[in-house]
Amino acid sequence: MIRSLSKALFCKLCLLSTTLDIADATLLRQTEPGKHFIARLAHLLVCCLMVASFANELLAAEIDFSSQVQPILSQHCYACHGPDASSRVNDFRIDSYQAATTEWADGPGIVPGDAAQSRVLQRILSTDPDERMPPPDAGEPLTAEEVDALRQWIVAGAKYEQHWAFRPIELPQIAALESDSANLCDIDRFIVDSLQQHGLELSPPIAKQALLRRVTFDLHGLPPTWEEVQAFEQDASADAFAHVVDRLLASPRYGERWGRHWLDIARYADTHGGGAIGFKRFAFSYTYRDYVIAAFNADKPYDRFVTEQIAADQLGLDEHDPALAGVGFLTVGRQYPNPHDIIDDRIDVVSRGLLGLTVACARCHDHKYDAIPTRDYYALYATFASSQSPRELPKLASADVTPDREGDYEVELERRQFRRQEMVREQSELLRQRLRMQVGMYLQELVKGTPEQNLAVAFLSYRTDDYRPLVLERWRKYLAQLDRDDPVFGLWHRLHEQRHLSAAEFSQFASDCVRQLSQENGDLSSLKLHALATQPPRWNPRMLAAVQLRSPTSMLEVANTYGELLADVQEEWLTSLTSAALEARQRAAIIPDEDAAHTAINSSVNRQLRHHLHGLGTPTALNDELASELLNRPINDHVSGLAGDIDELHLNSPGSPPRAMLLVEDPSPIPMHVFRRGNPLDRGDQVEPHFLEALSAGKSRVFRDGQRRLDLARAICDPANPLTRRVIVNWVWQRHFGRGLVRTPDDFGIRGQPPTHPLLLDYLAETFLTEDHWSLKKLHRRLLLTQVYQQASVESSAARQIDPENLLLWRMPRARLEAEAMRDALLAVAGRLDLTMGGRPVDLFSEPFTPRRSVYGLINRDVIAGFFSAFDMADPSVCAAKRPQTNVPQQTLFALNSNFVQEQAKYLTEQAEFIAAQTNEERVDILYRRVLARQPAAEETYDAVQFIESQAAVDEGKVAWQSLAHVLLAANEFIFLD
């Protein structure tokens with residue numbers, strides 16, 4: 001861009017020069033000699049002004065809003081003058097052209113074309129601490145370069161642009177290079193074009209042995225064998241490396257390597273997290289891990305991969321389809337005690353992991369930087385809130401569990417489930433009967449003005465006389481939906497409307513109200529009110545009589561009256577049930593159903609009252625599972641223990657089949673609202689589930705009930721959505737080149753870093769759809785076959801001065817092996833690696849050490865293993881699009897002192913090939929070939945043999961050989977990739 005603008009300015013200056021020459025000649029002919037100098041001077045002044053104008057035009061044109069201006073505004077201005085209305089100061093906004101160019105209190109904020117008159121710049125440059133922006137105590141002031149960029153931008157017209165990440169993807173034109181080569185592919189040309197503009201070039205190609213080691217670790221997380229190195233070095237064909245890439249992509253080791261990368265995004269772990277004492281394990285988390293590995297190996301199209309992870313249960317799959325396990329993407333995260341936090345975690349993993357947006361920042365307020373209003377957050381909240389994990393997870397097809405073992409498991413499972421169900425059924429019934437005796441307590445709490453309860457807070461203990469917040473809220477909601485015509489609670493509503501009267505006035509009103517309703521009932525003296533066939537009157541006479549007798553002076557007394565009457569009715573019901581049931585015993589007297597002894601049961605008046613205790617949807621009509629959450633502490637502990645027995649069977653029985661940790665969506669979900677400031681008790685406007693407005697081009701559709709997650713998945717994978725493809729190709733690029741084209745892979749928003757090569761990013765994103773058809777393996781192949789990938793990692797002081805961070809990729813970055821790759825490589829070179837795939841997680845760190853691949857190890861999010869934390873494993877409680885990179889002493893100490901490393905050194909020297917070697921030189925060759933995949937240099941062989949021979953008298957040299965092997969395993973050459 002700069003080069004083209006410079007050419008444009010040069011052309012204008014040439015034209016100006018020509019114009020000046022012509023004008024000068026004309027002046028000589030048309031003016032008197034004495035006046036020629038003055039005329040020419042005036043003309044020269046005009047030309048100078050034109051030059052200055054052209055220069056200003058160039059400077060202004062070079063200012064790019066997205067890459068140069070918006071980051072400044074984001075860092076210094078948006079927190080107080082951005083999208084979030086709740087934190088906006090003086091109601092002045094600077095995040096849009098319309099808002100920024102409106103009148104401020106003391107003048108226009110931005111005057112396009114006139115920086116001097118723009119109050120924004122005036123406030124930035126002010127020396128008055130009360131005027132200056134940002135305020136002195138609010139952070140660092142703008143640098144001179146930043147101020148100059150804003151000034152030039154305003155002079156150029158203060159043009160706002162849509163943030164680069166939200167713009168549609170278009171296939172860019174391939175750069176025309178000053179010096180091209182047939183070996184360069186399109187991807188190379190984008191990189192080389194940027195290098196040439198800065199006077200740089202690619203590093204020379206890396207040696208074939210080092211290239212094979214690089215790509216094998218990249219795709220498999222394992223070192224190449226010496227035989228593979230030899231075969232590649234001896235293959236002189238032009239497509240030798242392409243054959244290597246194809247071979248590696250076809251191996252199941254590829255899915256294990258890249259599946260592990262994806263598990264970082266999915267915040268995968270095998271424990272719930274947050275355990276104060278001990279930790280609780282998922283019984284079936286491994287089914288998601290195995291699904292991911294299988295999906296990568298099968299090269300499942302990325303759009304299908306994403307859809308299955310959000311809504312596999314809504315795709316009409318077979319009930320045992322392994323793809324159902326994909327929903328573990330949502331369910332395998334940290335199990336917070338607060339359900340709102342669980343939904344927030346799911347919003348975060350979807351938005352950051354798949355879209356590169358920090359949508360969760362809009363939970364309490366509009367996003368301070370990106371165009372994500374709070375209503376968008378709660379639209380996604382409504383999408384996920386309608387889905388719950390079923391108690392019975394579906395079994396997946398598996399060949400690992402034998403029929404006889406599964407049969408034994410099913411028998412034991414049924415026994416344990418029965419024990420729990422019986423306990424829950426009996427204790428839940430007891431709880432319901434007790435709650436029906438306690439209606440007065442709940443009515444009193446409502447009358448007292450007890451505020452709405454936060455049902456997301458878990459209560460650890462209940463006693464019989466405690467009120468349950470859930471039941472209180474059910475009574476609150478139930479009374480609100482009853483109207484003034486209800487035969488029982490119509491009187492309650494009439495009295496509640498007059499609750500602010502004085503005691504005497506309230507008592508008089510209650511008496512008048514009862515008298516009026518009794519008159520509407522008419523004369524009841526001739527009716528057999530409690531006979532079986534008698535229909536109840538308009539207003540329940542027992543309730544009217546109770547209130548009349550009590551003559552209440554307040555709503556609190558009314559609540560007591562209602563509570564006592566309903567408790568009496570409940571007691572009569574229980575007593576009558578017992579008596580009527582005893583009539584069925586052998587030799588008991590037979591009493592007719594219409595007998596007066598059955599009045600409490602037969603009375604429609606009593607039935608009218610009992611309806612509010614036993615009817616469907618009434619506050620105390622809790623189903624067993626809901627009631628089981630409200631049991632008294634000793635009973636609840638026992639029920640939890642029985643549930644734990646079931647989990648233990650799922651977890652440890654050899655006959656336990658794999659199950660999918662999916663969700664089930666409610667086809668008729670309750671309405672959802674914005675939670676003001678994130679408070680679920682402060683509900684704002686109702687929201688419908690829909691996709692992010694910034695990615696919907698004004699055409700956001702409401703997600704369908706029962707298929708909300710499926711509609712969300714389709715919106716994410718819609719080709720019109722520019723973020724999904726940009727994010728995934730950037731993620732893959734990052735894994736191969738150490739850093740992404742966008743250095744903030746989980747934040748493509750305004751606060752994220754812009755791409756170093758925006759045209760290349762869009763080229764990859766577009767071809768990923770149109771040519772690769774969402775195939776990740778094809779994307780790998782594109783990247784790996786480039787000259788950029790195959791260049792060496794050699795340093796260049798000259799290039800380092802021009803591009804110190806290697807943003808332009810003039811060299812391949814050197815990288816340390818991740819924790820899993822390092823451990824697996826140690827096992828592989830020692831001949832110990834067990835390549836068994838799938839299954840339940842194994843303990844990687846208990847001795848004797850398991851030789852399984854690290855991807856199959858147990859991940860405990862409660863207690864991160866020291867090895868993983870030392871080597872920068874991602875935090876399994878959060879979505880991690882990239883891992884931290886540290887260099888700390890613990891890493892070296894592990895290589896030197898770990899029992900695991902020393903054990904692999906011992907195994908390395910016990911390999912048959914090593915033992916069969918005839919000379920020390922041969923054994924040194926074998927160690928170097930196995931560990932470093934190369935032949936040792938002559939001096940390396942000499943030094944190693946000298947060391948071995950000097951130690952020959954000690955244990956016949958066995959300890960010395962193990963020490964030599966240990967040195968190679970701890971060497972930087974083994975731990976780092978060139």
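Here is a short report on the structure shown in this document. (Residues numbered from 1 in each chain as written. Predicted model: local features only at pLDDT ≥ 70, side-chain atom pairs only at ≥ 80, totals over all residues. Heavy atoms only, no water.)

## Digging into the overall build of the chain
- For the chain, the helix and strand inventory stands at 42 helices and eight strands.
- In terms of overall dimensions, the chain is more spread out than a globule: its C-alpha atoms have a radius of gyration of 38 Å, far above the 30 Å expected for 978 residues.
- Along the longest, intermediate and shortest principal axes, the C-alpha atoms of the chain span 125 × 105 × 50 Å.
- Buried positions account for 51% of the 978 residues belonging to the chain. (Helix = DSSP H or I, 4+ residues; strand = E, 2+ residues; numbered from the N terminus. Rg over C-alpha atoms; globule rule 2.2 N^0.38 Å. Buried < 20%, exposed > 50% of the residue type's maximum accessible area, 1.4 Å probe, protein only.)

## Some details on the side chain of R610
- Within the secondary structure, R610 is located in helix α26 (residues 604-614).
- Look at R610: it is buried, it has no salt bridge, and the nearest opposite charge is E572 at 6.5 Å.
- R610 has contacts with V569, W573, A600, I601, S603 and G615, leaving out every residue within four places of it along the chain. (Lys, Arg positive; Asp, Glu negative; His and termini not counted. Salt bridge = Lys/Arg side-chain N within 4 Å of Asp/Glu carboxyl O. Contact = heavy atoms within 4.5 Å.)

## Considerations on helix α19 (residues 439-447)
- When α19 is considered as a whole, its buried residues turn out to be V439, G440, Y442, L443, E445 and L446.
- Next to the buried residues of α19 lie α18 (403-437), α20 (469-481), α21 (490-496), α24 (555-582) and α26.

## Observations regarding the packing of aromatic side chains
- Under the defined criterion, the tally for this structure stands at 39 aromatic pairs.
- Where F737 meets Y789, the ring centres are 5.9 Å apart and the plane angle is 90°; that geometry is what we call edge-to-face. A residue pair is termed long-range when its members are at least 10 positions apart, and F737 in helix α30 (residues 722-737) and Y789 in the loop between α32 (776-784) and α33 (797-802) qualify at 52 residues. For the pair F737 and Y789, one class covers both residues: buried.
- Counting every residue linked through ring pairs, the aromatic cluster contains Y254, W258, W262, Y288, Y291, F296, Y302, F305, F329, W731, F768 and W774. (Phe/Tyr/Trp six-rings, centres within 6.5 Å; stacked < 30°, edge-to-face > 60°.)

## Examining the pattern of salt bridges
- According to the stated counting rule, one finds 64 salt bridges in the structure shown.
- A salt bridge links E820 to R260, with the shortest nitrogen-to-oxygen separation between them at 3.7 Å. You can see E820 sitting in helix α34 (residues 819-829) and its partner R260 sitting in helix α12 (residues 252-265), a full 560 residues away along the chain.
- Take E820: its relative accessible area is 6%, and that puts it in the buried class.
- R683 is the partner of E452 in a salt bridge, and the nearest nitrogen-oxygen pair spans 2.8 Å. Within this pair, whereas E452 is found in the loop between α19 and α20, its partner R683 is found in strand β6 (residues 683-687), the two being separated by 231 residues in sequence.
- Note on E452: relative accessible area 27%, which makes it partly exposed.
- With a relative accessible area of 37%, R683 lands in the partly exposed category.
- Put simply, R257, R260, D264, R735, E818, E820 and R883 are held in one network by salt bridges that share partners.

## Brief notes about the environment of Q734
- Among the secondary structure elements, Q734 is positioned in helix α30.
- In the structure, Q734 is positioned 147 residues away from A881 in sequence and 9.5 Å away in space, judged by C-alpha atoms.
- Setting aside residues no more than four positions away along its own chain, Q734 makes contact with R739, G740, P745, A881 and K882.

## As for the packing of helix α9 (residues 208-220) against α12
- For the pair α9 and α12, interaxial distance at closest approach is 6 Å and the crossing angle is 70°. Taken together, the axis directions place α9 and α12 in an arrangement best described as roughly perpendicular. Where α9 abuts α12, its residues F217, D218, L219 and H220 lie against R253, Y254, R257 and W258.
- Taken together, the residues of the contact of α9 with α12 sort by class into four nonpolar, one polar and three charged. (Axes fitted to C-alpha atoms, helices over the stretch in contact; angles between N-to-C directions. Parallel < 35°, antiparallel > 145°, perpendicular 65-115°, else oblique. Nonpolar A, V, L, I, M, F, W, Y, C, P; charged D, E, K, R; others polar.)

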